[in-house]
Amino acid sequence: MDELLSKKNQVAFTDELTFLLKGLINWKTDNARVHAGLQKDIYETSLLPQEGEKLESLIRQMLEKLPQNMNFSSTHYMGFPDSGNSLAGLTAGIIEVFLQQNLINSDACSPLASKIECDVLSWMRQLVGYNTDQVINDVCQLGGAVTTGGTMSNVYAVMAAAHKYPNKHIIILPDNIGHYSLSYAVKWLNLDVQIVYCKVQNFKLDLNDLEQLIKKYRQDIMLIGVYACDSMTSTCEDLKGVYQLVKRTKTDTWLHCDACHGFVLNFTSRYSYLLDYLKYYDSCTMDPQKVLWLPYTMSIILMKKPQDFAKLTRTNQLIIDDEKSFGKTTPFIGSKAFNSLKLWFVLKNMGKERLGKLIEKRIENAQLFLKLVQNDSKLLAKNQEILFSVTFQYTKNLNDLDEINTINRIIYKKMLKDGKYYLHGFDLKIADQTYFVLRYNSGNLNLTKETMVEVLQYVDKVGGDIYAGKCQY
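Residues numbered from 1 in each chain as written. Predicted model: local features only at pLDDT ≥ 70, side-chain atom pairs only at ≥ 80, totals over all residues. Heavy atoms only, no water.

Let's talk about the overall build of the chain
Next, step 1: When you go through the chain residue by residue, the secondary structure sums to 14 helices and 13 strands.
Next, step 2: For 473 residues, the compact-globule estimate of 2.2 N^0.38 gives 23 Å, and the chain sits close to it at 24 Å.
Next, step 3: A principal-axis box enclosing the C-alpha atoms of the chain has dimensions of 70 × 65 × 45 Å.
Next, step 4: Per-residue burial for the chain yields a buried fraction of 53% across its 473 residues.
Next, step 5: A separation threshold of at least 6 residues defines the contact pool for the chain, and within that pool the share at least 24 residues apart is 74%. (Helix = DSSP H or I, 4+ residues; strand = E, 2+ residues; numbered from the N terminus. Rg over C-alpha atoms; globule rule 2.2 N^0.38 Å. Buried < 20%, exposed > 50% of the residue type's maximum accessible area, 1.4 Å probe, protein only. Contact = heavy atoms within 4.5 Å.)

Listed below in structure tokens is the structure:
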């Protein structure tokens, strides 16, 4: 078979892709484990290939190596929500590769794709509650962009705040629970600002401390950042309380909400009240790649006032001097993939009501997992306001925090080594104490109670062996 697709080899290529797809689907639906187990702590690189190999051979080599990859779609993977197993999302991912549309320019590169991206951004504005134009003459009207990930989306928010308030030099962020991207954005952009961290209580901003910080720095505050479901515990910020405090103190600042995990609460009638005040924030970010079951990568940044976002745009006569070119609205990206197609397919396939029921099912699963933890005397939950995440420790009723942390770190390392299950593990700071916790957060709705019981039995078994000196790592 030749190296380039043509009429001559299309049948043979179709057969090979069919064979490959069957193998990939079999792997993605394999719930026996999350990976084959970590083999080495280092990577050994190989020499640059001098002679080519047949495509058929490479496909079979990759299929053999599939178990070495982390299978986010396995029901044994319960550490992050990024399962990427929606049929519509997977289908669109395949279509995207074959279409090869570059949204940097509409006329020359992506006429239909640009229209679809307009739909997606408009739908997300409607979901948040931002004003939306029905007729789009210029993509700047959309007041947002599809980006490569939540980090880039947060960078855009900081850029917009710095552009609007160039003479302000204070950014206030939550202490301990913040995602790295907001603080790193300040450093990456080389902004001459100071980050001040506000105390948190129960994984939300301490409004009393925030008020004191506002009084201290007053009109020098460029941005205040919060989280609608932080990336550690999925706790949703008191968006109303923060907004009303800022307005009551007459603070002219940029209010930003990282809603990469929590924006999906707006799909549900039961939990959307938590985001009622999101529409008053100057900007918000959302990550469909994390919480809407579509393949990587895709994130969105939206701004309440499209004119604020428009100030970030640039034009160039060679490729992006066009009202419909998304390339002018995506700093740092340049050539722009058609990632929005995956979300377009998912939204068209499921609709708002169906998605809302699935989001509620995710929350029900997390609440069920919490009950299982609470019913096990050897385990102790560390967060109680449960949406998507449950953080907990194996304690065996020990009192020494250092010993408990050590045991849980070893449990996590052993879990990575085995590859049978996956729960995330990280340091969580609560009231000046640091706890190494295991974290449940599953986006895979194929997960059953039986599998939840199994993983907790695994934690109990490994923890007990470590405590008894039977397991060394």
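What follows picks up the thread again.
Quick notes on the sheet that holds strand 7 (residues 254-258)
Next, step 1: The strand order across the open sheet formed by 7 strands is 1-9-8-7-6-2-3, and the pairing between neighbours is mixed. Each end of this open sheet is capped by a strand with a single partner; those strands are strand 1 (144-147) and strand 3 (194-198). Strand-to-strand twist of the sheet, defined as the mean angle between neighbouring strand axes without regard to direction, takes the value 20°.
Next, step 2: Relative to strand 9 (residues 299-303), strand 8 (residues 283-286) is paired through 4 bridges, and the arrangement is antiparallel. Residue pairing across strands places Cys284 opposite Leu302, the latter belonging to strand 9. (Pairing = 2+ DSSP bridges. Axes fitted to C-alpha atoms, helices over the stretch in contact; angles between N-to-C directions.)

Let's talk about the pattern of salt bridges
Next, step 1: Overall, the coordinates contain 17 salt bridges when judged by the stated rule.
Next, step 2: The salt bridge involving Lys342 is made with Glu96; its shortest N-O contact spans 3.8 Å. Here Glu96 lies in helix 3 (residues 87-99) and Lys342 lies in helix 12 (residues 340-374), a separation of 246 residues in the sequence.
Next, step 3: Under the relative-accessibility criterion, Glu96 is labelled buried at 14%.
Next, step 4: Residue Lys414 is joined to Asp418 by a salt bridge in which the shortest nitrogen-to-oxygen separation is 2.7 Å. Here Asp418 and Lys414 lie together in helix 13 (residues 401-418), a separation of 4 residues that amounts to about one turn. (Salt bridge = Lys/Arg side-chain N within 4 Å of Asp/Glu carboxyl O.)

Brief notes about the state of the cysteines
Next, step 1: Enumeration according to the criterion identifies 0 disulfides in this entry.
Next, step 2: Between Cys140, a free cysteine, and Cys118, which holds the nearest cysteine sulfur, the sulfur-to-sulfur gap is 11 Å.
Next, step 3: Relative accessible area serves as the criterion here: at 13%, Cys140 is assigned to the buried category.
Next, step 4: Among the cysteines around Cys229, which has no disulfide bond, Cys236 carries the closest sulfur, lying 4.8 Å off. (Disulfide = S-S within 2.5 Å.)

What is shown is where atoms sit, not what they do.
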